[in-house]
Amino acid sequence: MVKLIRSNNVYITLLHRCKYSTVPKSISTIHINGKDFKSDDYSNITPKILTYLGRNLHLQKGNPLSMVRQRIVNYFYKSFTHRGNPIFSIYDNLSPIVTVKQNFDDLLIPLHHPSRAKQDCYYINKDLLFRAHMTAHQSELLRAGLNNFLMIGDVYRRDEIDSTHFPVFHQVDAVRSQRKEELFNSNPDLEIFEPSFDTKKPKVLNDITDSSKQSCHTLEATKLMETQLKSHLIGLIQALFGKDIKYRWVDAYFPFTHPSWELEIFYENKWMEVLGCGIVRNEILAAAGPNNSIAYAFGLGLERLAMALYNIPDIRLMWSKDSGFLNQFANKDVDAKITYKPISLYPQCVNDISFWLPNDLTIDTFMSNDFYDLVRDIGGDIIEQVKLKDKFVHPKTKKHSVCYSIVYRHLERTLTQFEVNKIHKEIEKAVTDSYNVVIR
Ligand code: PHE
């Protein structure tokens, strides 16, 4: 019998109907890459998501993501050397299966922080998930004694569906740490830590109510790190896009850095966020080893940079195996200026789906990410977008009704309305079976 990999009954139905190679063999285990994992009521990875595991687009020669990765690595190799040797080490092959401790606890992410929600992550079970960011590896690499390193790989987040969002994307994360002698080599009188702070006994939590710094750090150390961090990242963005790229810094909040910022670049008449960064919380450094240094960290998304650099209009193209796409990047120098020319845009088919929610659900409590995953599980990569088109509450019955438009488009051929209707019917059936809704 085909078994459940998810707590609601969506996937029982699904697994019966589709021929997934990764179908779990028993009700309590999930099979991934030859390993069995216990499932529980946290388990929400879908058969579709499993198919992205191991594609490693960031390492495929000739994939735009891999080209951007190479350019970023080159920048760090070239910009930071000691006696002619690069000081950054690169980790681009770490397993995406991480513990809740790695992804959240080690990074001081509070227990009830929204980023931990099942709604936002792909959990294997309550202890393991597909990493939601590359920062998940920060503590273990610090613990291994590294000071300057890049972590590059695929990350997984449940999200909406459109041309710039895909549930799997790629990040480059980095840490650069320095001791007093390195940071203040021309100013040996200056200190990293406030005199009142005992580095041997780092407090459980430092005060971060002062927006300019962590309570343990001196303002001089924080400001110098901020200046370096920002100039290194602007240097990177200019190395990628040229000196004329328009950018701005925005104050931000991350549980694992303070102060924190985001960098936005101006692209296609809009500000687009490309990275988050900040000064690593001292508690993280102290818990992982180095209690006498200060570090900055950042995390950037490869897809957005690649889309902007090469003019790639749709994030799904990164996954394309079509030669019309791949040949535009194959055998090119990584620094070559490439402008993607659409192979041809095949027409879209748009079908609406409307349903009444069951009595106990409202528009706000309806789990739309579950619904998006379900749509993508059935429709696969031809789902271009799912957008909420309309919602209303029946004046008499008080029942809530929603209408979504599902945009179907194949990147490599024209879809017929006939085949789209068939898939659409399957989606309607699965939604009815799993959410107890009534199709209108
Ligand atoms: N992990 C953050 C994200 O995914 C980015 C980040 C990394 C921010 C390191 C600060 C420091 O959005």
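Keep in mind the model is a prediction, meaning the values are calculated, not measured. (Residues numbered from 1 in each chain as written. Predicted model: local features only at pLDDT ≥ 70, side-chain atom pairs only at ≥ 80, totals over all residues. Heavy atoms only, no water.)

Description of the nonpolar core
Across soluble globular proteins, nonpolar side chains have a tendency to be buried as a group.
Part 1 of the reasoning: Counting residues in hydrophobic clusters, the biggest one holds 74 residues, and the most contacted among them are I72 and F130.
Part 2 of the reasoning: Those residues within four positions of F130 in sequence are excluded, and the remaining contacts are I32, I45, I49, L50, L53, P96, I97, Y122, I124 and Y156. (Core = buried A, V, L, I, M, F, W, Y, C linked by side-chain atoms within 4.5 Å. Buried < 20%, exposed > 50% of the residue type's maximum accessible area, 1.4 Å probe, protein only. Contact = heavy atoms within 4.5 Å.)

Details of the site of the ligand
Part 1 of the reasoning: With respect to spatial proximity, 13 residues lie near the ligand, and among them H133, T135, R157, Q171 and G299 are the closest.
Part 2 of the reasoning: At the level of secondary structure, the elements contributing two or more residues to the shell around the ligand comprise β9 (168-179), β12 (270-280) and β13 (293-301).
Part 3 of the reasoning: Per element, the largest residue contribution to the shell around the ligand is three residues, and it comes from β13.
Part 4 of the reasoning: Among the residues making up the shell around the ligand, the classes are represented as five nonpolar, six polar and two charged. (Near = heavy atom within 4 Å. Helix = DSSP H or I, 4+ residues; strand = E, 2+ residues; numbered from the N terminus. Nonpolar A, V, L, I, M, F, W, Y, C, P; charged D, E, K, R; others polar.)

Digging into the pairing of β12
Part 1 of the reasoning: The element β12 is largely enclosed, with a buried count of eight among its eleven residues.
Part 2 of the reasoning: Pairing analysis gives nine bridges linking strand β11 (residues 257-267) to β12, with the strands arranged antiparallel. When the bridges of β12 are listed, E262 appears paired with G276.
Part 3 of the reasoning: The antiparallel hairpin formed by β11 and β12 contains two residues in its connecting segment, where E268 sits at a positive phi of about 50 degrees.
Part 4 of the reasoning: Note: β12 against β13, five bridges, orientation antiparallel. Looking at β13, one finds that G276 is bridged to G299. (Pairing = 2+ DSSP bridges.)

Considering the packing of aromatic side chains
Part 1 of the reasoning: Applying the stated criterion across every chain, the model contains 25 aromatic pairs.
Part 2 of the reasoning: Judged by centre distance (4.9 Å) and plane angle (80 degrees), the rings of Y42 and Y123 are edge-to-face. Here Y42 is found in the loop between β2 (35-38) and α2 (47-50), whereas its partner Y123 is found in the loop between α4 (100-103) and β7 (128-130), with 81 residues between them in sequence.
Part 3 of the reasoning: Given a relative accessible area of 32%, Y42 falls into the partly exposed group.
Part 4 of the reasoning: On the basis of relative accessibility, which here comes to 2%, the residue Y123 falls in the buried class. (Phe/Tyr/Trp six-rings, centres within 6.5 Å; stacked < 30°, edge-to-face > 60°.)

What to know about the confidence of the model for the chain
Part 1 of the reasoning: Overall, the prediction assigns the chain a mean pLDDT of 90, with 93% of residues at 70 or greater.
Part 2 of the reasoning: Within the model, pLDDT remains below 50 along residues 1-26, and this stretch shows 58 contacts once partners closer than five positions in the same chain are excluded. (pLDDT = per-residue confidence, 0-100.)

Structural notes on helix α11 (residues 368-379)
In an α-helix, one full turn covers 3.6 residues, which means residues spaced three or four apart are oriented alike.
Part 1 of the reasoning: When the terminal C-alpha atoms of α11 are compared, their 16 Å separation across twelve residues agrees well with the 16 Å that a helix rising 1.5 Å per residue should span.
Part 2 of the reasoning: Among the twelve residues that make up α11, eleven are buried, leaving the element largely enclosed by the rest of the structure.
Part 3 of the reasoning: Listing the buried residues of α11 in full gives N369, D370, F371, Y372, D373, L374, V375, R376, D377, I378 and G379.
Part 4 of the reasoning: Phi turns positive, to about 65 degrees, at G380, one or two residues after α11. (Expected span 1.5 Å × (residues − 1).)

Some points on the domain arrangement of the chain
Part 1 of the reasoning: Here the chain is partitioned into domain 1 (57-96 + 131-310) and domain 2 (346-440).
Part 2 of the reasoning: A separation of 39 Å is found between the C-alpha centroids of domain 1 and domain 2.
Part 3 of the reasoning: Contacts between the two partners involve eight residues from domain 1, matched on the other side by ten residues from domain 2.
Part 4 of the reasoning: Overall, the association of domain 1 and domain 2 removes approximately 810 Å² of surface from exposure, summing both partners, and the carbon and sulfur fraction of that is 52%.
Part 5 of the reasoning: Of all residues in domain 1, R158, I161 and F166 bury the most surface against domain 2, accounting for 70% of the area lost on that side. (Domains from an automatic or database assignment. Buried area = accessible area lost by both parts, 1.4 Å probe.)

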